[in-house]
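Descriptive structure summary
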Amino acid sequence: MARILLIEDDSNIAEGLVVGLKSHGMMVDWFSDAKQGEMALQEGMFDAVLLDLTLPRGDGMTVLQNWRYKQLDTPVLIITARDAIANRVAGLNAGADDYLVKPFALDEVVARLQALIRRSQGRSQPEIRYGDVAYWPHNHRVSYQGQVVELTIKEVAILEQMLTHPKQIHSRASLEDKLYGWQQDIESNAIEVHIHHLRKKLGNDFILTKRGIGYHLNPAHNH
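Residues numbered from 1 in each chain as written. Predicted model: local features only at pLDDT ≥ 70, side-chain atom pairs only at ≥ 80, totals over all residues. Heavy atoms only, no water.

1. A short note on the pattern of salt bridges
Put simply, the test is: Any Lys or Arg side-chain nitrogen located within 4 Å of an Asp or Glu carboxyl oxygen qualifies as a salt bridge. Helix and strand assignments come from DSSP, with helices taken as H or I runs of at least 4 residues and strands as E runs of at least 2, each series counted from the N terminus. Classification of residues uses two cut-offs on accessible area relative to the type maximum, computed with a 1.4 Å probe and protein chains only: under 20% is buried, over 50% is exposed, and between them is partly exposed.
Scanning the model with the defined rule gives 11 salt bridges in all. Here R3 makes a salt bridge to D29, at a shortest N to O gap of 2.8 Å. Here R3, found in strand β1 (residues 3-7), pairs with D29, found in strand β2 (residues 27-31); they are 26 residues apart in sequence, far enough to count as distant. Taking the relative accessible area as the measure of exposure, R3 reaches 0% and is therefore buried. Between R68 and D97 there is a salt bridge, with the nearest N and O atoms lying 3.0 Å from each other.

2. Focus: helix α7 (residues 172-180)
Summarising burial for α7: seven of the nine residues are buried, a large majority. Within the span of α7, buried status applies to S174, L175, E176, D177, K178, L179 and Y180.

3. What about the sheet that holds strand β11 (residues 147-149)?
Convention followed: Strands qualify as paired when DSSP identifies two bridges or more between them. In this analysis, axes come from line fits to C-alpha atoms, helices being fitted only over the stretch in contact, and the angle between any two N-to-C directions falls in the range 0 to 180 degrees.
Strand order in the open sheet formed by four strands is β8-β9-β10-β11, and the pairing between neighbours is antiparallel. Because the sheet does not close on itself, it has two edges, and the strands there are β8 (128-130) and β11. Between one strand axis and the next, the sheet turns by 25 degrees as a mean value, whatever way the strands run. As defined by bridge partners, strand β10 (residues 141-144) adjoins β11 across three bridges and the pair is classed as antiparallel. Of the residues in β11, the one forming a bridge with V142 is V149.

4. Structural notes on the pairing of strand β3 (residues 48-52)
Where burial is concerned, most of β3 is hidden: five out of the five residues are buried. Of the two faces of β3, both are covered, the one formed by A48, L50 and D52 as well as the one formed by V49 and L51. Strand direction decides the pairing type here: β1 and β3, joined by four bridges, are parallel. By the bridge assignment for β3, L5 is matched with V49. Across four bridges, β3 lies against strand β6 (residues 76-80) in parallel orientation. Within the sheet, the bridge partner assigned to L50 lies in β6 and is L77.

5. Re the sheet that holds β3
In a beta sheet, neighbouring strands pair by backbone hydrogen bonds and run either parallel or antiparallel. To keep things clear, this is the line we draw: Between two residues, a contact is recorded if the distance between any of their heavy atoms is within 4.5 Å.
Pairing is parallel across the open sheet formed by five strands, whose spatial order is β2-β1-β3-β6-β7. With one partner strand each, in any of the chains shown, β2 and β7 (98-101) form the two edges of the open sheet. The average undirected angle you get between the axes of adjacent strands in this sheet is 20 degrees. Where β1 meets β2, five bridges bridge the pair, whose relative direction is parallel. Within β2, the position partnered with I7 by the bridge is F31. Where helix α1 (residues 11-23) meets the sheet, its contacts fall on β1, β2, β3 and β6, and the angle it forms with β2 comes to roughly 165 degrees. Strands β1, β2 and β3 of the sheet are contacted by helix α2 (residues 34-43), whose axis makes an angle of about 160 degrees with β1.

Here's what the structure looks like:
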């Protein structure tokens, strides 16, 4: 489940994007002014950003430049009514990864976000494979040993985070941040329950526990 940071002050556009992106299996955190949005990327884990240029308390172009100056390399898709070529070039030169001019179609926003996330993870293929497990991010389909496996939304989100960072040890806090964002209450054992269910569906030793640190994929499965 991709986690998207949306910075947009037009509530009609923003609310439409929140609903639309969620319907495509993405989690969205929405901020309506430049300062809050800029801080959000510095404090949270996001897979991509949708950034408007005309914002209260600042300008989207300045926000983008500040992120890149601080070496925050999260993919950024600019959405704006500024359709002059000079504005597009300026946005790309400031560190944007792609550009969409309003009005735009939701399907195009989704497709471009998925392409940016795929590229940022160093993948050219639409699926991710790790041993006997295959995952298709665009429709959240999972197979194990060639058979489709039914996972919950939260299980998919954990699996995706692990598959896209296969050598990393994932702390419970980082997985909670990925799954729940900042607005939701979290049950104390929620991550452990999701990991337990993933092991039942994908093999007991597919995900290993590093005691006191977190969880990681079993490298023996990827030979």
